[in-house]
Amino acid sequence: MNTWVIVVVLVLLALLGAPLFSIIGGIALYAFDQEGIDTSSVIIELYRIAETPTLIAIPLFTFAGYLLAESRSPQRLVTLARALFGWIPGGLAIVVLVTCAFFTAFTGASGVTIVALGGITLPILMKEMYPERFSLGLVTASGSIGLLFPPSLPIILYGIIAEVSIDQLFVAGFLPGILLVSFVGLYSMRVGVRARVPRVSFSWPNLAAALRGAVWELPIPFIIIGGIYGGAFTATEASAVTAFYVLIMVTFLYRDMTLFRDVPRVMKESMVLVGAILAILGTALGLTNYLIDKEIPQQLFEFVQGNVESKVAFLLILNLFLLVVGMMMDIFSAIIVVVPLILPIARAFQVDPLHLGIIFLTNLEIGYLTPPVGLNLFLSSLRFKKSILEVARSVLIFIAIMAAALLIITYVPDLSLWLVNLLGIQ
Amino acid sequence: MKVLRWCDDRLGRLEGVLLIILLSVMVLLAFVQVILRNVFSESLIWGEILLRHLVLWIGFLGAARATGEGRHISIDAFARFLPTRSRTIVRVITNAFAIVVCYFLLRASLTFIGDEIDFGSVVYGEVPSWYSQIIIPVGFGLMMIHFAVRIVTGIHGLRTGVPQE
């Protein structure tokens, strides 16, 4: 059969919503078969899932994230963040940003943030007289804002695919992540001041109560940040400690959940996402192997090099390309499928793989918000019963702000690399 | 129809129970390993290997659940805009495609396991690799069953006018 016919049919099927793993698996099977190689090679590559130690972090962090999202942690964290930042002009918006960033980092940008936190934060924003459109936009945009902070799953996945140290990536994402949060934060403060949102005054007893309320959540950032940034243990080890700790926390320390009724439900629920990611990863390993064998990235590189002169132009095109990818695909498939193709090209343009990862993830983060098909728009529209159009309009300004941050992240590599070199993380 | 749904439901529960057991083992074992390594400076060699294979098993069982619940990752942006009836038809087609791919992946994995058995490869010590690898064909088989059930219920829904969820 004609290869082009097959390509068109597969693309059509993908756009119609066929499971992506079946598309990728189909291409891999067909490609190997055409080469006269036994299709069991696809499975040989798939079996690498059981030979990659870092992959253990994916089920463990996903489980921990789902547990946190289904417990009463969101309420406790919002209360704590309000006690901390509520007195700042526009402080409530900062509260939303910080808690959302924390949650997204933990739940790996699977959309849980909007579902878990949006229902709490949006009513508070509205009650305190923030403009409706701004509030909706902020809550939607915050749904993926913590993507660059540990232990976010997309970072782990990028590390595995690009064969870059995950510990280094976590450090590399820190400053760019702060930059994104502070850009959006500054804008939010301005809106808060302009809308004359009443400020609550800071109170020590209030903060003390909130701290006591969230006392068992407090060690978590230290486990992750202290553990990884301090070099005490690896990302994989941090995932093991976090999953175990969060389990103990929600069942015994807070008693939000029962060990034999709620926890099994969350386990099943979270492993559906893990299964969906690994199905794509497994089949993509076969396809990637074929592509590299056929020197496709090499050819792609020669094509790009023939048409793009400078690193500056390359980075700009990369950004535009990734924004489109982010609009069309979910973040996990995008990383698994696109990174192996882009990586050699970026390397040839002397873009550090760490820096590339941060650019990649920032783009995909924005892709979550871009009409017509960004995931956060749909989640937000469902969650808050607003039309897609309304949600899309509300995030436009946030897209612009994040795009500005993206440009800085792209053209100032040191933002990503400086801290890595400073701390000398291996 | 009822019997089919009942069977699919039972199978789904079995997968769920297995997932819960395996993930529980994983959470505990991974934690014990960290303690052993950092506090006692030793670790269970088989523990690392078991953990890696647990990822494989959890992945396939999770993928089977994702199939049963229709929650595989896909580009659903365009199908979302279709009217209910056409959306069901499109789903039947895409699920049928997925069955075909799973069938060939199942066959490929049987060849793979056959080779591994002939080769006599082991996971650790005396434990043959296929003890773990068997989940690959089993997983694709489970996915085929769930896809098939979704197709049948989809077509049934089209004929009776009750749309699939």
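Not measured: the values here are computed from a predicted model.

Novice: Help me understand the overall build of chain A in this model?
Specialist: Looking only at helices and strands, chain A has 22 helices and zero strands in total. Taken over C-alpha atoms, the radius of gyration comes to 22 Å for chain A, in line with the 22 Å a tight globule of 426 residues would show. Counting over 426 residues, chain A shows a buried share of 61%. In chain A, the proportion of contacts linking residues at least 24 apart, taken out of those at least 6 apart, comes to 80%. As displayed, chain A has an accessible area near 16500 Å², and 66% of this comes from carbon and sulfur atoms. Averaging the coordinates of the 22 positive side-chain charges in chain A and doing the same for the 24 negative ones gives two points 20 Å apart.

Novice: Help me understand the overall build of chain B in this model?
Specialist: Check the secondary structure of chain B and you find five helices and two strands. Going residue by residue from the N terminus, the α and β elements of chain B occur as α-α-α-β-β-α-α. The C-alpha radius of gyration computed for chain B amounts to 20 Å, which surpasses the reference 15 Å derived for 165 residues by more than 25%, pointing to a less compact arrangement than a globule. Expressed as lengths along the three principal axes of its C-alpha atoms, the size of chain B is roughly 65 × 40 × 30 Å. Within chain B, the fraction of its 165 residues that count as buried is 48%. If you sum the accessible surface of chain B, you get close to 8400 Å²; carbon and sulfur atoms cover 67% of it.

Novice: Help me understand the nonpolar core, please; the structure alone is not making it clear to me.
Specialist: One finds A:Phe63, A:Phe314, A:Ile335, B:Ile136 and B:Phe140 to be the most contacted residues of the largest nonpolar core, which totals 207 residues. In terms of residue count, helix 15 (residues 262-293) of chain A provides more of this core than any other element does, 18 residues in total. Beyond its immediate stretch of four places on either side in the chain, A:Ile335 contacts A:Pro154, A:Leu157, A:Tyr158, A:Ile161, A:Pro340, A:Phe360, A:Leu361 and A:Leu364. Core analysis: the next-biggest nonpolar cluster, separate from the first, contains five residues, A:Leu80, A:Ala83, A:Ala210 and A:Ala214 among them.

Novice: What am I meant to see in the layout of surface pockets here?
Specialist: Residue and element names in this part refer to chain A. Size it by volume and the second largest pocket reaches roughly 1200 Å³. Leu291, Phe321, Val337, Val338 and Leu341 are, among the 40 residues lining the second largest pocket, the residues nearest its centre. Mapped onto the lining of the second largest pocket, the elements with two or more residues apiece are helix 1 (3-15), helix 2 (20-34), helix 15, helix 16 (296-307), helix 17 (311-328) and helix 18 (331-348). The biggest single contributor to the lining of the second largest pocket is helix 18, with eight residues. Here the residues of the lining of the second largest pocket are counted per class, giving 35 nonpolar, five polar and no charged.

Novice: Any chance you could explain unusual backbone geometry here in plain terms?
Specialist: The phi angle of most residues is negative, glycine excepted, and most peptide bonds adopt the trans form. Residue and element names in this part refer to chain A. With an omega of 0 degrees, the peptide bond between Pro150 and Pro151 qualifies as cis. Relative to the helices and strands, Pro151 is located in the loop between helix 8 (132-142) and helix 9 (153-162). One non-glycine residue, Glu295, lies in the positive phi region at around 55 degrees. Here Glu295 shows up in the loop between helix 15 and helix 16. Accessibility expressed as a relative area gives 49% for Glu295, which makes it partly exposed.

Novice: Please explain the interface of chain B and chain A as it appears in this structure.
Specialist: Size of an interface, as often reported, equals the accessible area lost when the parts are brought together. Each partner contributes to the interface: chain B provides 57 residues, whereas chain A provides 61 residues. Carbon and sulfur atoms make up 81% of the surface buried where chain B meets chain A, a total of about 5000 Å² over both sides. At the surface where chain B touches chain A, the tally comes to two salt bridges. Close ionic contact of A:Glu269 with B:Arg71 constitutes a salt bridge, the shortest N to O distance being 3.2 Å. Taken together, the links from chain B to chain A amount to five residue pairs in polar contact (both at pLDDT 80 or more). Taken together, the elements giving at least two residues each to the side of chain B that touches chain A come down to helix 1 (2-39), helix 2 (45-68), helix 3 (84-119) and helix 5 (135-160) of chain B. In terms of residues, the side of chain B that touches chain A owes the most to one element, helix 3 of chain B, which gives 14 residues. Across the side of chain B that touches chain A, the residue classes break down as 36 nonpolar, 13 polar and eight charged.

Rules used throughout
Residues numbered from 1 in each chain as written. Chains lettered and ligands numbered in written order. Predicted model: local features only at pLDDT ≥ 70, side-chain atom pairs only at ≥ 80, totals over all residues. Heavy atoms only, no water. Helix = DSSP H or I, 4+ residues; strand = E, 2+ residues; numbered from the N terminus. Rg over C-alpha atoms; globule rule 2.2 N^0.38 Å. Buried < 20%, exposed > 50% of the residue type's maximum accessible area, 1.4 Å probe, protein only. Contact = heavy atoms within 4.5 Å. Areas by Shrake-Rupley, 256 points an atom, 1.4 Å probe, with all protein chains shown as cover. Lys, Arg positive; Asp, Glu negative; His and termini not counted. Charge placed at Lys NZ, Arg CZ, Asp CG, Glu CD. Core = buried A, V, L, I, M, F, W, Y, C linked by side-chain atoms within 4.5 Å. 1 Å grid on protein atoms, 1.4 Å probe; cavity = no way out; pocket = protein on both sides within 12 Å on 5 of 7 lines; lining within 4 Å. Points joined across faces, edges and corners; volume = space filled by probe spheres on them. Nonpolar A, V, L, I, M, F, W, Y, C, P; charged D, E, K, R; others polar. Buried area = accessible area lost by both parts, 1.4 Å probe. Salt bridge = Lys/Arg side-chain N within 4 Å of Asp/Glu carboxyl O. Polar contact = N/O pair within 3.5 Å; in protein donor to acceptor, adjacent residues only side chain to side chain.

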